[in-house]
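# Coordinates in review
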Amino acid sequence: MGTREDIVRALLAGAEAGRNGDEPRACPYPATSLLRTAWIKGYARERPIADQGEDADT
């Protein structure tokens, strides 16, 4: 488990990756790590939204 500071860093790194349009697979943490969860949470907040096209309103 990471310290609170490590978790915040992972969250911010994930958010930066999301803003940059990086792939979710770019996460540097192993699947069993709490830091991976934080990274993915940050990424999800900032990830680009896929274009839904004209059917989005239907």
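Look above for the structure.
Below, the structure is looked at part by part.

Calculation criteria
Residues numbered from 1 in each chain as written. Predicted model: local features only at pLDDT ≥ 70, side-chain atom pairs only at ≥ 80, totals over all residues. Heavy atoms only, no water. Helix = DSSP H or I, 4+ residues; strand = E, 2+ residues; numbered from the N terminus. Expected span 1.5 Å × (residues − 1). Buried < 20%, exposed > 50% of the residue type's maximum accessible area, 1.4 Å probe, protein only. Arc of directions from axis to C-beta. Phe/Tyr/Trp six-rings, centres within 6.5 Å; stacked < 30°, edge-to-face > 60°. Salt bridge = Lys/Arg side-chain N within 4 Å of Asp/Glu carboxyl O.

This part takes up helix H1 (residues 4-20). Its 17 residues give H1 an end-to-end C-alpha distance of 24 Å, which sits within 8% of 24 Å, the value for a rise of 1.5 Å per residue. Listed in full, the buried residues belonging to H1 are Ala-10, Gly-14, Ala-15, Ala-17 and Gly-18. Down the axis of H1, the sector holding all buried residues measures 160°, keeping them to one side. Facing away from the buried side of H1, by more than 90 degrees, are the exposed residues Leu-12, Arg-19 and Asn-20.

Let us now look at the packing of aromatic side chains. Evaluation of the coordinates by the stated rule reveals one aromatic pair. Relative to Tyr-43, the ring of Trp-39 has its centre 5.4 Å away and its plane inclined at 10°; by these criteria the two rings are stacked. Pair noted here: Trp-39 and Tyr-43 are both in helix H2 (residues 34-46), with a separation of four residues, about one helical turn. By the burial criterion, Trp-39 is buried, and Tyr-43 matches it.

This part is about the pattern of salt bridges. If you walk through the whole model with that rule in mind, you get four salt bridges. When the shortest N-O distance is used, the salt bridge between Asp-6 and Arg-9 registers 3.8 Å. Of the two residues, Asp-6 and Arg-9 are both situated in helix H1; the distance of three residues between them amounts to about one turn of the helix. For the salt bridge of Glu-23 with Arg-25, the shortest nitrogen-to-oxygen distance reads 3.4 Å.

Bringing the environment of Val-8 into the picture now. Following the sequence through the fold, Val-8 ends up in helix H1. Residue class for Val-8 comes out partly exposed when judged on its relative accessible area of 40%.

A few words now on the environment of Gly-42. When you line up the elements, Gly-42 lands in helix H2. Sequence separation between Gly-42 and Val-8 is 34 residues, and the spatial gap between their C-alpha atoms is 9.3 Å.

The values are spatial; any link to function lies outside them.
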